Amino acid sequence: QVQLVESGGGLVQPGGSLRLSCAASGSIFSINAMGWYRQAPGKQRELVATITSGGSTNYADSVKGRFAISRDNTKRTVYLQMNSLKPEDTAVYYCNADIAGNWDGYLEVWGQGTLVTVSS
C-alpha cells in the first residue's frame, strides 16, 4: 500500500512563514510529478504548485514569488516553503503524487491534508 503523509501545518501570523513536507511510503518503483493543492472553506480545491521528477516547477499566480516547491527524490519527499503568508492562504493543503508500483502505469495518490491557518 502506498501513502502520502503531510506535516508542517499550523497557525501563523500574516507575513509569517511555514514549511510543509510530504513523504511517500510503500512499495514504490518511481514517482513522477508531485504537487500541492489547497482547499479553503466553501471553495473548490485548487492547484498551488507542482514539480516534475526532473525539477521543473509550476505555480498558481496567487503564490508566485512567495511559495517555493522542492523535492528530495532520495527521501521521496516534496516540500512547500511558504513565505509572506496572507489570510487568504488559509486552507487545508493536500499533497499529490503520480506513483508507479506493482500496477500498470502511474497511480494518482493524495495525502490526508494539513491545515494552514493565517491569522493574527
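Quick note: structure is the one above.
Just so you know, these numbers come straight off a predicted model, no measurement behind them.

Whenever I open this one, the pairing of strand 1 (residues 3-7) confuses me. Can you help?
One face of the sheet, then the other: side chains in a regular strand alternate in exactly this way. Taking every second residue as pointing to the same face, the buried face of strand 1 carries Leu 4 and Glu 6, while none of Gln 3, Val 5 and Ser 7 on the other face is buried. Bridge count between strand 1 and strand 3 (residues 18-25): 5 bridges; the pairing is antiparallel. Across the sheet, residue Gln 3 finds its bridge partner in strand 3, namely Ser 25.

Is there a simple way to explain the sheet that holds strand 7 (residues 67-72) in this structure?
Backbone-to-backbone hydrogen bonds pair the strands of a sheet. The strands run either parallel or antiparallel. The strand order across the open sheet built from 4 strands is 1-3-8-7, with neighbouring strands paired in antiparallel fashion. Because the sheet does not close on itself, it has two edges, and the strands there are strand 1 and strand 7. Sheet twist, expressed as the average angle between the axes of neighbouring strands with direction ignored, equals 15 degrees. Sheet analysis places strand 3 next to strand 8 (residues 77-82), joined by 6 bridges and oriented antiparallel. Paired with Leu 18 across the two strands is Met 82, which belongs to strand 8.

Please explain the environment of Thr 90 as it appears in this structure.
Examined against the element boundaries, Thr 90 turns out to sit in the loop between strand 8 and strand 9 (91-100). Reaching out from Thr 90, the side chain makes a polar contact with the backbone oxygen of Pro 87 at a distance of 2.9 Å. Of note is the side chain of Thr 90, whose polar atom sits 2.9 Å from the backbone nitrogen of Val 118.

Whenever I open this one, the pattern of salt bridges confuses me. Can you help?
Evaluation of the coordinates by the stated rule reveals 4 salt bridges. Its salt-bridge partner being Lys 64, residue Asp 61 comes within 3.1 Å of it at the nearest N-O pair. When sorted by exposure, Asp 61 lands in the same class as Lys 64, which is exposed. Taken together, the shared-partner salt bridges connect Arg 38, Glu 46, Arg 66 and Asp 89 into one network.

Conventions we followed
Residues numbered from 1 in each chain as written. Predicted model: local features only at pLDDT ≥ 70, side-chain atom pairs only at ≥ 80, totals over all residues. Heavy atoms only, no water. Buried < 20%, exposed > 50% of the residue type's maximum accessible area, 1.4 Å probe, protein only. Helix = DSSP H or I, 4+ residues; strand = E, 2+ residues; numbered from the N terminus. Pairing = 2+ DSSP bridges. Axes fitted to C-alpha atoms, helices over the stretch in contact; angles between N-to-C directions. Polar contact = N/O pair within 3.5 Å; in protein donor to acceptor, adjacent residues only side chain to side chain. Salt bridge = Lys/Arg side-chain N within 4 Å of Asp/Glu carboxyl O.

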